[in-house]
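The lines below spell out each chain.
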Amino acid sequence: MRVVHFADIHLGYRQYHRQTSTGLNQREADIARVFRDTIDRIIELQPDLILIGGDVFHNVRPTNPAILHAYNQFRRLVEMLPDAGIVMVAGNHDIPRTSETQCLLGLFQSLGINVVVEQPKWIHFRERGASVFAVPHGMNPRPRFEPNPDARYNLLLIHDEVAGLYRKFGGLTERSTGDLSLNELAPERWNYVALGHYHVYHQVAPNAYYSGSLEYASTNIWSEVDEAIAKRIEGAEYSGKGFIEHNLETGSHRFHPVKLARRVLDLPVVNAQGLSPEEVSEAIRSTVEQCDGGIDDMIVRLIVREIPRHVVRDLDHRAIRDYKRRALNFLLDTRRPIPVRIEGSGAPGRRASLMETVRANLERRAITPGIDRAALVELGLSYLAHADRTAAVAIATTAMTEAE
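What follows is about the environment of Arg-97. Looking at where Arg-97 falls in the secondary structure, it is placed in the loop between strand E3 (85–89) and strand E4 (114–116). It is 8.8 Å that separates the C-alpha atoms of Arg-97 and Val-60, two residues lying 37 residues apart in sequence.

Structure, rendered in C-alpha cells:
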C-alpha cells in the first residue's frame, strides 16, 4: 500500500516582472512546469493512494491559464492512474474569505478526485482497507482526531501548522496561530499523517510529515533558503521541495526532490567592515563572477554585512543594475553595522542594538495571560529584521536612481 503525498503547489503564483514569450509571468510558468513534471513522476511510481495537502492555487481567483493547467494535469493523473484513490483538502490560499466567491477546487470533483473544502470528512477505500480523515484549513474548533477502528490503515490529511514550527522557520508573510500541538494531533494513533502548509520538507513525528512545496512560492523565499542551510540536509543545494512516497505496509519512506525550474542562489556573504565603496564593489563583483554556473536567469541573494549607509550610496550601482538585468531577480541585502558607543558616561563598550532593546522590552513587559511570550518575541524580532532589510533595499534603490 504505497502513498504519495504532496502539497502547496501554488499555481498562479506571480513574482518579479519578467514574462515569457507568451506574456505569462515567468515564475507562474516555472511553477506550472514543475507541477507537470511532478505529475509525470507520480504516474511513473503507480501509487495506490495520493494525498494532496492543499494550496493548489496561490489565491482564490487564479489566472485562467492556472485553472486550465491544474485541470489538465489532474485529469491526466486520474486517467493514467484509474485505480488510485485521490484525496485533496483545501488550504488557506484556496478558501475564499467571502460567501460570494466559491472555492475552485470543486472543479476537480468531476474528475473523480475526493475534494474536501468546508468540513472535515472521512474518505474510505474499503477495498484497500484504508480510511483517510481529510481536514481542510481553518477548522475552528478543530475536530477530534479519532482514527477509524474498522480500517486497517488510518491516514490523516490536514492543512495546518504544528505549534512552534513557524516561530522557528516560518516566513514573515505567514501568521502563526501555533495551537496545533502534537498532543492534539496524536500522530502515534495514525499510520501516516500528511501535512500541508509548510513549504519545506519537514518531519514533525516518526510518521508525520510536511511534504514541502513543489517550488519556491512565498514572498519571502529566503526564510526557506535559510532553513535549508540550517538543516543541512543533502548538502548546500537542498531546497526541501518535492513530494513523499510512503509504504504503509513496510514503513519505508522516501522524499523525492523535484528539479526546480531555476536555481535559487544564496551567494557567499561579503563582510564590508572597514572597506571603501570601491573595495566593497570589487568584493561584490568577485563574488558574482565566482558563482558556479553564473547568475543569468537565476534568483540570487547577496548579503553584505557591516556596511554603513554612506558606503551603500557610493557603490558601483551600474554594475549592480547589470546583475539585476542578468538574473531573474538579484537581491543585494545590505546590513548596517551594530552601533558601538564611543563616548558618554559609564564604562565604554558596545551599545545595545535596536534588536537587543526590543527583545529585552518584549521579554519583561506585562502581556495578556495565555499569550506565548516566546512566540511574541520571535515575531517582533522577525518584523524588525524585515523592516531593516526593506529600508536598506530602499536606500540602495534610491542611490541607483540618483546615479542614473
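Okay, the sheet that holds strand E5 (residues 121–125) next. Strands sit in the order E5-E6-E7-E8-E10-E9 across an open sheet of six strands; the sheet is mixed. The strands lining the two open edges of the sheet, one partner per strand, are E5 and strand E9 (202–205). Going across the sheet, the axis of each strand differs from the next one's by a mean of 20°, ignoring polarity. Note that strand E8 (residues 192–196) and strand E10 (residues 208–210) share three bridges and pair parallel. Each bridged residue has a counterpart across the sheet, and for Ala-194 the counterpart in E10 is Tyr-209.

Attention shifts here to the pattern of salt bridges. By the definition in use, this model includes 20 salt bridges. Between Arg-262 and Asp-30 there is a salt bridge, with the nearest N and O atoms lying 2.7 Å from each other. You can see Arg-262 sitting in the loop between strand E12 (253–257) and strand E13 (264–266) and its partner Asp-30 sitting in helix H1 (residues 26–45), a full 232 residues away along the chain. When sorted by exposure, Arg-262 lands in the same class as Asp-30, which is buried. Ionic pairing is found between Arg-128 and Glu-127, a salt bridge with its closest N-O pair at 2.9 Å. The class for Glu-127 is exposed, based on a relative accessible area of 63%. What you see here is one network of salt bridges that share partners, running through Arg-27, Asp-30, Glu-215 and Arg-262.

On to helix H8 (residues 317–326), then. Listing the buried residues of H8 in full gives His-317, Ile-320 and Tyr-323. Seen along its axis, H8 keeps its buried residues to an arc of 105°; they face one direction. Away from its buried face by more than 90 degrees, H8 exposes Arg-318 and Arg-325.

Conventions adopted
Residues numbered from 1 in each chain as written. Predicted model: local features only at pLDDT ≥ 70, side-chain atom pairs only at ≥ 80, totals over all residues. Heavy atoms only, no water. Helix = DSSP H or I, 4+ residues; strand = E, 2+ residues; numbered from the N terminus. Pairing = 2+ DSSP bridges. Axes fitted to C-alpha atoms, helices over the stretch in contact; angles between N-to-C directions. Salt bridge = Lys/Arg side-chain N within 4 Å of Asp/Glu carboxyl O. Buried < 20%, exposed > 50% of the residue type's maximum accessible area, 1.4 Å probe, protein only. Arc of directions from axis to C-beta.

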